Amino acid sequence: SQTIHQWPATLVQPVGSPLSLECTVEGTSNPNLYWYRQAAGRGLQLLFYSVGIGQISSEVPQNLSASRPQDRQFILSSKKLLLSDSGFYLCAWKVDGYTFGSGTRLTVV
Amino acid sequence: RKEVEQDPGPFNVPEGATVAFNCTYSNSASQSFFWYRQDCRKEPKLLMSVYSSGNEDGRFTAQLNRASQYISLLIRDSKLSDSATYLCVVKNDYKLSFGAGTTVTVRA
(Lines give C-alpha, C1' and ligand atoms only; values in the text may rest on other atoms or scores of the structure.)
Protein backbone atom coordinates (compact mmCIF):
# COMPACT_ATOMS: atom_id res chain seq x y z
CA SER A 1 0.00 0.00 0.00
CA GLN A 2 1.02 3.60 -0.46
CA THR A 3 1.93 5.43 2.72
CA ILE A 4 3.72 8.60 3.75
CA HIS A 5 5.71 8.91 6.96
CA GLN A 6 6.78 12.08 8.66
CA TRP A 7 8.68 12.64 11.89
CA PRO A 8 9.02 13.87 14.53
CA ALA A 9 5.42 14.73 15.44
CA THR A 10 6.38 17.63 17.68
CA LEU A 11 9.56 19.57 18.14
CA VAL A 12 10.63 22.44 20.35
CA GLN A 13 13.85 24.11 19.27
CA PRO A 14 15.70 27.24 20.44
CA VAL A 15 16.28 30.16 18.13
CA GLY A 16 19.46 29.71 16.15
CA SER A 17 19.48 25.92 16.34
CA PRO A 18 19.48 23.70 13.23
CA LEU A 19 16.49 21.77 11.94
CA SER A 20 16.00 18.54 10.05
CA LEU A 21 12.57 17.11 9.27
CA GLU A 22 12.25 13.91 7.30
CA CYS A 23 9.53 12.57 5.08
CA THR A 24 9.51 9.15 3.43
CA VAL A 25 7.01 7.48 1.18
CA GLU A 26 6.32 3.83 0.47
CA GLY A 27 4.52 1.98 -2.24
CA THR A 28 5.39 4.14 -5.19
CA SER A 29 8.32 5.36 -7.23
CA ASN A 30 9.27 8.81 -8.46
CA PRO A 31 6.49 10.64 -6.63
CA ASN A 32 6.12 14.42 -6.67
CA LEU A 33 6.83 15.53 -3.12
CA TYR A 34 5.96 18.78 -1.36
CA TRP A 35 6.72 20.62 1.87
CA TYR A 36 3.99 22.90 3.21
CA ARG A 37 3.86 25.05 6.32
CA GLN A 38 0.73 26.10 8.16
CA ALA A 39 1.10 29.04 10.53
CA ALA A 40 -1.55 29.60 13.18
CA GLY A 41 -4.80 30.84 11.61
CA ARG A 42 -3.40 30.84 8.12
CA GLY A 43 -3.61 28.67 5.03
CA LEU A 44 -1.00 26.15 4.04
CA GLN A 45 1.95 27.73 2.29
CA LEU A 46 3.98 25.75 -0.24
CA LEU A 47 7.66 25.87 0.68
CA PHE A 48 9.34 23.39 -1.68
CA TYR A 49 8.44 20.78 -4.22
CA SER A 50 10.43 18.06 -5.93
CA VAL A 51 9.77 16.03 -9.05
CA GLY A 52 12.77 13.75 -8.61
CA ILE A 53 16.08 13.01 -6.89
CA GLY A 54 18.12 16.16 -6.46
CA GLN A 55 15.42 18.33 -8.06
CA ILE A 56 14.13 20.98 -5.68
CA SER A 57 12.11 24.06 -6.44
CA SER A 58 11.68 26.75 -3.83
CA GLU A 59 8.50 28.76 -3.59
CA VAL A 60 9.33 31.17 -0.80
CA PRO A 61 12.76 32.65 -0.06
CA GLN A 62 13.65 32.09 3.58
CA ASN A 63 16.18 30.38 5.77
CA LEU A 64 14.86 26.91 5.01
CA SER A 65 16.18 24.45 2.46
CA ALA A 66 15.09 21.07 1.15
CA SER A 67 16.86 18.07 -0.27
CA ARG A 68 15.84 14.83 -1.93
CA PRO A 69 18.73 12.42 -1.54
CA GLN A 70 16.65 9.38 -2.49
CA ASP A 71 13.56 8.85 -4.60
CA ARG A 72 11.31 8.35 -1.60
CA GLN A 73 12.96 10.70 0.88
CA PHE A 74 12.40 14.43 1.24
CA ILE A 75 14.16 16.46 3.92
CA LEU A 76 13.50 19.97 5.18
CA SER A 77 16.39 21.74 6.88
CA SER A 78 17.52 24.94 8.41
CA LYS A 79 20.93 26.00 9.66
CA LYS A 80 19.55 28.56 12.13
CA LEU A 81 15.92 28.68 13.15
CA LEU A 82 14.01 31.92 13.60
CA LEU A 83 10.97 32.49 15.79
CA SER A 84 8.94 32.96 12.62
CA ASP A 85 9.74 29.40 11.56
CA SER A 86 7.27 28.07 14.13
CA GLY A 87 4.37 26.27 12.52
CA PHE A 88 2.89 23.00 11.38
CA TYR A 89 5.06 21.42 8.67
CA LEU A 90 3.44 18.97 6.33
CA CYS A 91 4.95 16.73 3.71
CA ALA A 92 2.68 15.78 0.86
CA TRP A 93 2.77 13.64 -2.24
CA LYS A 94 0.69 13.49 -5.35
CA VAL A 95 -0.95 10.14 -5.92
CA ASP A 96 -4.38 10.49 -7.48
CA GLY A 97 -4.76 13.65 -5.49
CA TYR A 98 -2.62 15.03 -2.72
CA THR A 99 -2.02 13.10 0.48
CA PHE A 100 -0.38 14.61 3.52
CA GLY A 101 1.83 13.13 6.18
CA SER A 102 0.79 13.52 9.80
CA GLY A 103 2.89 16.67 10.16
CA THR A 104 5.48 18.09 12.52
CA ARG A 105 4.46 20.81 14.91
CA LEU A 106 7.54 23.01 15.38
CA THR A 107 7.81 25.60 18.11
CA VAL A 108 10.85 27.83 18.06
CA VAL A 109 11.53 29.37 21.46
CA ARG B 1 -4.83 39.66 -2.97
CA LYS B 2 -4.81 36.11 -1.57
CA GLU B 3 -5.08 33.32 -4.10
CA VAL B 4 -7.86 31.63 -2.16
CA GLU B 5 -10.12 33.39 0.33
CA GLN B 6 -12.57 31.85 2.73
CA ASP B 7 -14.90 33.08 5.41
CA PRO B 8 -13.17 31.81 8.56
CA GLY B 9 -16.45 31.35 10.43
CA PRO B 10 -17.01 29.82 12.84
CA PHE B 11 -20.32 28.39 11.73
CA ASN B 12 -22.09 26.99 14.79
CA VAL B 13 -25.00 24.79 13.79
CA PRO B 14 -27.23 22.26 15.56
CA GLU B 15 -27.19 18.61 14.59
CA GLY B 16 -29.35 17.98 11.58
CA ALA B 17 -29.00 21.48 10.19
CA THR B 18 -27.71 22.43 6.77
CA VAL B 19 -24.64 24.61 6.55
CA ALA B 20 -23.08 26.13 3.46
CA PHE B 21 -20.06 28.29 2.81
CA ASN B 22 -18.02 29.55 -0.11
CA CYS B 23 -14.54 30.40 -1.12
CA THR B 24 -13.25 32.60 -3.92
CA TYR B 25 -10.10 32.21 -5.97
CA SER B 26 -8.11 34.79 -7.90
CA ASN B 27 -6.58 32.86 -10.79
CA SER B 28 -9.10 32.38 -13.57
CA ALA B 29 -6.83 29.77 -15.17
CA SER B 30 -7.03 27.45 -12.16
CA GLN B 31 -7.50 23.88 -13.23
CA SER B 32 -8.74 21.78 -10.35
CA PHE B 33 -10.62 22.38 -7.16
CA PHE B 34 -10.97 20.47 -3.93
CA TRP B 35 -12.36 20.60 -0.44
CA TYR B 36 -10.15 19.24 2.31
CA ARG B 37 -11.12 18.62 5.89
CA GLN B 38 -8.73 19.34 8.76
CA ASP B 39 -9.37 18.24 12.30
CA CYS B 40 -7.71 20.07 15.16
CA ARG B 41 -3.95 19.63 15.08
CA LYS B 42 -4.16 17.02 12.34
CA GLU B 43 -3.16 16.92 8.69
CA PRO B 44 -5.67 17.92 6.00
CA LYS B 45 -7.52 15.07 4.32
CA LEU B 46 -9.26 15.17 0.97
CA LEU B 47 -13.00 15.48 1.37
CA MET B 48 -13.98 15.75 -2.26
CA SER B 49 -13.01 17.12 -5.62
CA VAL B 50 -15.17 19.81 -7.15
CA TYR B 51 -16.40 19.50 -10.71
CA SER B 52 -17.89 22.13 -12.96
CA SER B 53 -21.23 20.38 -13.08
CA GLY B 54 -21.41 20.13 -9.30
CA ASN B 55 -21.11 16.89 -7.41
CA GLU B 56 -22.37 15.13 -4.32
CA ASP B 57 -20.78 12.73 -1.92
CA GLY B 58 -23.37 11.59 0.57
CA ARG B 59 -24.42 14.60 2.62
CA PHE B 60 -21.85 16.86 0.99
CA THR B 61 -22.49 18.88 -2.16
CA ALA B 62 -19.83 20.92 -3.91
CA GLN B 63 -20.40 23.52 -6.61
CA LEU B 64 -18.01 25.43 -8.85
CA ASN B 65 -18.79 28.71 -10.55
CA ARG B 66 -15.94 29.49 -12.93
CA ALA B 67 -17.47 32.74 -14.17
CA SER B 68 -17.58 34.20 -10.68
CA GLN B 69 -14.56 32.22 -9.47
CA TYR B 70 -16.10 30.72 -6.38
CA ILE B 71 -16.54 27.28 -4.94
CA SER B 72 -19.13 26.23 -2.42
CA LEU B 73 -19.65 23.36 -0.01
CA LEU B 74 -22.98 22.41 1.48
CA ILE B 75 -23.39 19.93 4.31
CA ARG B 76 -26.84 18.48 4.87
CA ASP B 77 -28.09 16.78 8.03
CA SER B 78 -25.01 17.86 9.99
CA LYS B 79 -23.44 15.37 12.37
CA LEU B 80 -21.30 16.07 15.41
CA SER B 81 -18.46 14.40 13.53
CA ASP B 82 -18.65 17.08 10.82
CA SER B 83 -17.07 19.56 13.24
CA ALA B 84 -13.79 20.51 11.60
CA THR B 85 -12.08 23.16 9.53
CA TYR B 86 -12.83 22.93 5.82
CA LEU B 87 -10.09 24.05 3.47
CA CYS B 88 -10.79 25.27 -0.03
CA VAL B 89 -7.99 24.22 -2.38
CA VAL B 90 -7.21 25.33 -5.91
CA LYS B 91 -4.67 23.70 -8.19
CA ASN B 92 -2.59 25.63 -10.71
CA ASP B 93 -0.05 23.53 -12.63
CA TYR B 94 1.93 21.70 -9.91
CA LYS B 95 0.87 23.88 -7.02
CA LEU B 96 -2.00 23.63 -4.56
CA SER B 97 -3.15 26.91 -3.04
CA PHE B 98 -5.06 26.66 0.21
CA GLY B 99 -7.55 28.93 1.85
CA ALA B 100 -7.15 29.56 5.56
CA GLY B 101 -10.20 27.42 6.25
CA THR B 102 -13.78 27.70 7.43
CA THR B 103 -14.46 26.34 10.89
CA VAL B 104 -17.70 24.43 11.42
CA THR B 105 -18.91 23.39 14.85
CA VAL B 106 -21.92 21.11 15.08
CA ARG B 107 -23.59 21.09 18.51
CA ALA B 108 -25.86 18.49 20.02
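Owing to the predicted nature of the structure, the values given are computational and were not obtained by experimental measurement. (Residues numbered from 1 in each chain as written. Chains lettered and ligands numbered in written order. Predicted model: local features only at pLDDT ≥ 70, side-chain atom pairs only at ≥ 80, totals over all residues. Heavy atoms only, no water.)

Brief notes about the overall build of chain B
Secondary structure summary: chain B contains zero helices and eleven strands in total. Seen in sequence order, chain B has helices and strands lined up from the N terminus as β-β-β-β-β-β-β-β-β-β-β. Relative to the 2.2 N^0.38 estimate, which gives 13 Å for 108 residues, the radius of gyration of chain B is 13 Å and therefore close to what a compact globule would have. Based on the C-alpha atoms only, the size of chain B along its principal axes is roughly 40 × 30 × 20 Å. Across the 108 residues of chain B, 46% fall into the buried class. (Helix = DSSP H or I, 4+ residues; strand = E, 2+ residues; numbered from the N terminus. Rg over C-alpha atoms; globule rule 2.2 N^0.38 Å. Buried < 20%, exposed > 50% of the residue type's maximum accessible area, 1.4 Å probe, protein only.)

Considerations on the interface of chain A and chain B
Contacts between the two partners involve 18 residues from chain A, matched on the other side by 14 residues from chain B. Here chain A and chain B share an interface that buries about 1400 Å² over both sides, 59% of which is from carbon and sulfur atoms. When residues of chain A are sorted by the area they lose upon contact with chain B, A:Tyr98, A:Phe100 and A:Arg105 head the list and together hold 36% of the total. Linking chain A to chain B there are one salt bridge. Here A:Glu59 makes a salt bridge to B:Lys95, at a shortest N to O gap of 3.7 Å. In this assembly, chain A and chain B are joined by three residue pairs in polar contact (both at pLDDT 80 or more). (Contact = heavy atoms within 4.5 Å. Buried area = accessible area lost by both parts, 1.4 Å probe. Salt bridge = Lys/Arg side-chain N within 4 Å of Asp/Glu carboxyl O. Polar contact = N/O pair within 3.5 Å; in protein donor to acceptor, adjacent residues only side chain to side chain.)

Overview of the nonpolar core
It is characteristic of soluble globular proteins that their nonpolar side chains tend to be buried jointly. Formed by 23 residues in total, the largest nonpolar core has its most connected members in B:Phe21, B:Phe33, B:Trp35, B:Val50, B:Ile71, B:Leu73 and B:Tyr86. Counting only elements with at least two residues in this core, the list comes to strand 3 (19-25), strand 4 (32-38), strand 5 (45-50), strand 7 (60-65), strand 8 (70-75), strand 9 (84-92) and strand 11 (102-107) of chain B. Formed by 20 residues, the second largest nonpolar core is a distinct cluster that contains A:Ile4, A:Leu19, A:Ala66 and A:Tyr89. (Core = buried A, V, L, I, M, F, W, Y, C linked by side-chain atoms within 4.5 Å.)

Here's the deal with the environment of B:Gly99
All names here are of chain B. Along the chain, the position of Gly99 falls in the loop between strand 10 (95-98) and strand 11. Gly99 sits in the buried class, given a relative accessible area of 0%. Gly99 sits 84 residues away from Glu15 along the chain, and the two C-alpha atoms are 26 Å apart.

Section: the confidence of the model for chain B
Per-residue confidence for chain B gives a mean pLDDT of 94; residues scoring 70 or more make up 100%. When pLDDT is averaged over each element of chain B, strand 11 of chain B comes out on top at 97 and strand 10 of chain B at the bottom at 88. (pLDDT = per-residue confidence, 0-100.)

Digging into the environment of A:Gln45
Residues and elements named next belong to chain A. Looking at the element boundaries, Gln45 is found in strand 5 (residues 44-52). C-alpha separation for the pair Gln45 and Leu90, spaced 45 residues apart in sequence, amounts to 9.8 Å. When neighbours within four sequence positions are excluded, Gln45 is seen to be in contact with Trp35, Tyr36, Arg37 and Val60.

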